[in-house]
Amino acid sequence: MRRQCTDIDVLVIGGGAAALAAAIEARRIGCSVLLAERAPCHLRGGNTRHARNLRLAHLAPTPFSPGAYPPATFWSELQRATQNTADPLLGQRLVEGSLAIADWLQGAGVPLQPIAGHRLPESQRTVFLLGGGKTLVQRLYAHAKHLGIEIRYETEVTDPLLTGGRLLEVCCRKAEYKQLRPRAVIACCGGAQANRAWLARHWGEAADGFINRGSPWVTGEFLAALLEQGAQAVGDPRGAYLVAVDGRSPADDGGIVTRIRGIPEGIVVDQEGRRREDEGGDTASTRYALWGRRLADWPRQIGYLLLDARGLRAAPPALYPPISAATLGELAIQLGIDPEALRLTLDAYHAAIRPPRAPGDDWQALGLLPPKTRRAYPLVEPPFHAYPLRPGITFTAQGLAVGPDTRVRLANGGVVENLFAAGMIMAPNLIPQGYLSGLALTIGLVFGRIAGSEAARYVRC
């Protein structure tokens with residue numbers, strides 16, 4: 001069945017934070033808004049459902065952040081994380097726009113975690129969501145509904161038609177096939193991390209070993225269709241934000257809780273029982289992405305974190321229980337690793353490590369290759385434990401090039417005058433490489449608001 005509808009001011013494609021912010025802003029300005037979310041209602045919200053914090057500039061202490069985090073500092077850290085590849089005009093809009101996000105969220109009914117309760121570590125850079133990403137999603141959907149925004153679930157938007165510098169029409173697919181000609185469109189449907197064929201095209205067989213940490217509906221077909229029709233691409237089609245996750249995680253939607261965080265407390269071996277990297281080289285939060293990228297290049301994209309009883313006590317809690325055995329040989333058999341190969345690895349490791357020589361000193365490894373530069377503890381206290389590790393993909397790093405007003409650029413120059421983009425579909429303008437904690441949600445909310453306002457301004461001109 002094919003129907004045509006032309007009476008929509010703004011069509012918002014997507015269902016996460018960027019889409020909701022865009023829809024709410026456009027509606028507040030007086031536009032009629034249709035939000036098309038591909039997921040069913042109970043799984044709405046994209047990767048925002050798994051969010052826990054967002055990075056916000058602030059000029060003075062707030063109930064949610066101590067001290068100050070000036071925009072200039074935010075921008076400087078973003079430049080460093082991306083090795084100066086972030087778009088400076090968009091970066092300026094991001095850091096300045098983040099100043100207003102806490103008030104905007106609270107005005108829409110989204111609770112933030114006060115630092116007065118001391119339930120979470122205080123951070124000058126990031127604000128934690130009270131109730132996590134799911135509460136944010138529920139509150140923003142309730143606010144959108146209250147404003148009169150039409151929301152359709154299980155609705156995929158396809159077949160964009162670009163002509164004459166305009167997006168002329170799209171198709172909505174649910175029970176029926178519906179042709180839409182909205183006056184403006186805001187694409188907030190993310191990258192392509194859930195698209196196995198996309199990943200295989202750029203990563204080859206290694207993509208088979210990836211686990212998608214986020215929504216299974218972020219498959220990039222709308223992005224690909226726009227690129228094929230002349231929208232300008234930005235970022236690296238092979239780029240991806242990967243972190244080390246438990247290899248037993250579900251294929252999709254495992255979220256942030258699947259991370260394995262205790263790597264510095266033990267050693268990591270491959271399927272052959274060999275160490276390949278320095279487990280103590282990075283003990284900060286950046287280690288998650290470092291290890292995700294490393295695992296992507298390992299044979300079969302799998303590794304095993306080995307811990308003894310001491311290491312397990314010191315490691316942060318994990319979602320799944322470890323695989324355990326009374327001896328390292330028995331543990332090797334459970335993991336499918338040759339026990340003799342693992343014994344040789346551990347013998348070399350133990351022969352190299354040295355205990356602290358004074359209080360406060362660290363355990364060291366001398367002459368070990370690869371080195372273990374910190375926390376080179378012996379693995380001697382039974383029982384012994386293991387976590388299987390795989391690269392968990394959070395987002396891909398190719399998207400739509402946009403201007404400061406979030407209008408989508410054309411590869412041959414100019415823009416698509418009635419097509420805007422916000423969230424992870426345009427995030428590669430800002431993070432073609434690298435990442436900062438809480439940044440994805442900030443990008444979604446800041447540029448969702450901008451896109452909603454700009455689309456409404458276009459419609460009402």
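For the protein chain, the name recorded in an unreviewed UniProt entry is FAD-dependent tricarballylate dehydrogenase TcuA, with Caldichromatium japonicum as its organism. The Cofactor (unreviewed entry) comment attached to the protein chain in UniProt states, word for word, "FAD".

**Concerning the pattern of salt bridges**
Within this structure, the stated rule accounts for 26 salt bridges. Between E156 and R38 there is a salt bridge; the shortest N-O distance is 3.7 Å. Of this pair, E156 sits in strand β7 (residues 156-163) while R38 sits in the loop between β3 (33-36) and β4 (53-55), and the two are 118 residues apart along the sequence. With a relative accessible area of 23%, E156 lands in the partly exposed category. Using a relative accessible area of 26% as the deciding quantity, one classes R38 as partly exposed. Between D270 and R274 there is a salt bridge, with its nearest N and O atoms 3.5 Å apart. Using a relative accessible area of 44% as the deciding quantity, one classes R274 as partly exposed. Each of the salt bridges in this network shares a partner with another, and the network as a whole consists of E25, R28 and R449.

**A short note on the sheet that holds strand β10 (residues 184-187)**
Pairing is mixed in the open sheet, where six strands are placed in the order β6-β3-β2-β10-β20-β19. Two strands in the sheet have a free side with no partner beyond their single neighbour: β6 (150-152) and β19 (407-409). Sheet twist, expressed as the average angle between the axes of neighbouring strands with direction ignored, equals 30°. For strand β2 (residues 10-13) and β3, the ladder comprises four bridges, and the chain directions are parallel. Across the sheet, V12 pairs through a bridge with L35, a residue of β3. Strands in contact with helix α1 (residues 17-28) are β2, β3 and β10; relative to β3, the strand with the most contacts, it is inclined by about 170°.

**Points about helix α6 (residues 196-203)**
One turn of the α-helix equals 3.6 residues, which is why residues spaced by three or four share an orientation. Turning to α6, its buried residues are W198, L199 and W203. For α6, the angular spread of buried residues about the axis comes to 105°, placing them on one side. The exposed residues of α6 that point more than 90 degrees off its buried face are A197 and R201. Among the structural elements, α7 (221-228), β12 (233-246), α8 (287-296) and β18 (384-400) are those in contact with the buried residues of α6. Between the side-chain oxygen at the start of α6 and the backbone nitrogen of A197 there is a gap of 3.1 Å, and the oxygen is on N195. Following α6 by one or two positions, G204 has its phi on the positive side, about 70°.

Thresholds applied
Residues numbered from 1 in each chain as written. Predicted model: local features only at pLDDT ≥ 70, side-chain atom pairs only at ≥ 80, totals over all residues. Heavy atoms only, no water. UniProt positions renumbered as here; feature names shortened; annotations may be inferred. Salt bridge = Lys/Arg side-chain N within 4 Å of Asp/Glu carboxyl O. Helix = DSSP H or I, 4+ residues; strand = E, 2+ residues; numbered from the N terminus. Buried < 20%, exposed > 50% of the residue type's maximum accessible area, 1.4 Å probe, protein only. Pairing = 2+ DSSP bridges. Axes fitted to C-alpha atoms, helices over the stretch in contact; angles between N-to-C directions. Contact = heavy atoms within 4.5 Å. Arc of directions from axis to C-beta. Polar contact = N/O pair within 3.5 Å; in protein donor to acceptor, adjacent residues only side chain to side chain.

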